[in-house]
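Read off the chains here:
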Amino acid sequence: MTVPTAPYIGRFAPSPSGPLHMGSLVAAMASYLDAKVHQGTWLLRIEDLDYDRNVEGADMAILASLQRCGMHWDGEATWQSRRLPLYQAALQRLKDDGLVYACGCSRKEIADSNLRAGVTKNGVAVYPGTCRHGLAPGKEARALRLRVPQATHATYRFIDRWQGQQQQDISAEVGDFIVLRGDGFWAYQLAVVVDDGAQAITHIVRGADLLDSTPRQLYLQAVLGLPQPQFMHVPVVNNELGEKLSKQTGALAFDTGMEAATLLSAALLPTARFLGLDVRADNIDDFWRQAIPAWAQRLSHLPK
Ligand code: GLU
């Protein structure tokens, strides 16, 4: 097992919209193993800014599940809802740089203009730039949007450690995107970039459902003067209908009252196999003892 020497700070950043389930366990395990293989730090951040989707008690349930699985984070866990001044300061900087404008468009209006602008890979309408040069008369500001570079300057390229070479033309494929939502909630894209910067994260390991967000985050890092971490997007677990496993699609919490051995075979072993790790443990300590070198081995087989 080769151990890189550069400092490594990773993180797992679950949203408390439900308990940890098989889908989120994949992201947790991959980011934990990657930090361990690099002898790095692994931070835990609860991303609880979407107050409509937060489920009461889910944050503490996630922390407890991670502990039960033997995934212990470094330092204190953080909650985004306790860090609001950081997002405000970042927004102020973007405003001072003339990069933010008020948008009065409803979702329906944006969807109706799809014919012109198209839809993103996630099926969300590309923002056609309607309010870029000012709110239309009679429209009220709803959200704040960030101007993205146009045409030839809008393509962001990066090498994903799992998925390989990626590129996205943000202006054509997403459009100017929201940093402060119409309901007053901070947008995920802004908050995640501000926190990854503030916590000096060097490596982001998370589910491939967020691959599409990465160019927006690279752009935000650039305009906020933050360093760029390395990215790795691991496959996401789908249910039989091909939907990403989540609480909404019926994933079960796996750990209520389970003993270590049951937990291992019910959650940890299948998760490791899903990530391509050959581990055959019968207790949690043994599992991690095998999984860490297995992850190092797995990394050496990823496309260069
Ligand atoms: N909070 C996000 C989620 O649970 C993950 C954010 C990230 O890892 O960048 O899907």
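For the structure, see preceding data.
The following refers to the structure shown. (Residues numbered from 1 in each chain as written. Predicted model: local features only at pLDDT ≥ 70, side-chain atom pairs only at ≥ 80, totals over all residues. Heavy atoms only, no water.)

Hydrogen bonding along the main chain pairs the strands of a sheet, whether they run parallel or antiparallel. The sheet built from three strands is open, its strands ordered β4-β5-β8 with antiparallel pairing. Every other strand in the sheet has two partners, leaving β4 (100–103) and β8 (177–180) as the edge strands with one partner each. Looking at each pair of strands side by side, their axes are set apart by 50° on average, direction ignored. As defined by bridge partners, β4 adjoins strand β5 (residues 143–146) across four bridges and the pair is classed as antiparallel. Bridge pairing in β5 places Cys103 opposite Ala143. (Pairing = 2+ DSSP bridges. Helix = DSSP H or I, 4+ residues; strand = E, 2+ residues; numbered from the N terminus. Axes fitted to C-alpha atoms, helices over the stretch in contact; angles between N-to-C directions.)

Bringing the packing of aromatic side chains into the picture now. Here the structure, examined in full by the defined rule, presents nine aromatic pairs. Aromatic pair Tyr32 and Trp288: ring centres 4.8 Å apart, planes at 70°, arrangement edge-to-face. Of this pair, Tyr32 sits in helix α1 (residues 22–37) while Trp288 is found in helix α10 (residues 284–300), placing the two residues 256 residues apart along the sequence. Overall, Tyr32 belongs to the buried group, its relative accessible area being 7%. When its relative accessible area of 6% is taken as the criterion, Trp288 is described as buried. Among the aromatic residues, ring-to-ring pairing joins Phe12, Tyr32, Trp42, Phe287 and Trp288 into one connected group. Here Arg82 stacks its cationic end above the ring of Trp79, 4.2 Å away from the centre of that ring. (Phe/Tyr/Trp six-rings, centres within 6.5 Å; stacked < 30°, edge-to-face > 60°. Buried < 20%, exposed > 50% of the residue type's maximum accessible area, 1.4 Å probe, protein only. Lys NZ or Arg CZ within 6 Å of the ring centre and 35° of its normal.)

Let's shift gears to empty space enclosed by the protein. All told, the structure shown has one cavity of 30 Å³ or more when counted by the stated rule. Of the voids in this model, the largest cavity is the one considered here, and its volume is about 40 Å³. Surrounding the largest cavity, Val193, Asp196, Gly197, Ile201, Gln221, Leu226, Pro227 and Pro229 form its lining. Here the lining of the largest cavity is composed, by residue class, of five nonpolar, two polar and one charged. (1 Å grid on protein atoms, 1.4 Å probe; cavity = no way out; pocket = protein on both sides within 12 Å on 5 of 7 lines; lining within 4 Å. Points joined across faces, edges and corners; volume = space filled by probe spheres on them. Nonpolar A, V, L, I, M, F, W, Y, C, P; charged D, E, K, R; others polar.)

With respect to burial, strand β9 (residues 203–207) is a largely interior element, five of its five residues being buried. Pairing of β9 with strand β10 (residues 230–234), which is carried by five bridges, proceeds in the parallel orientation. Bridge pairing in β10 links Gly207 to Val234.

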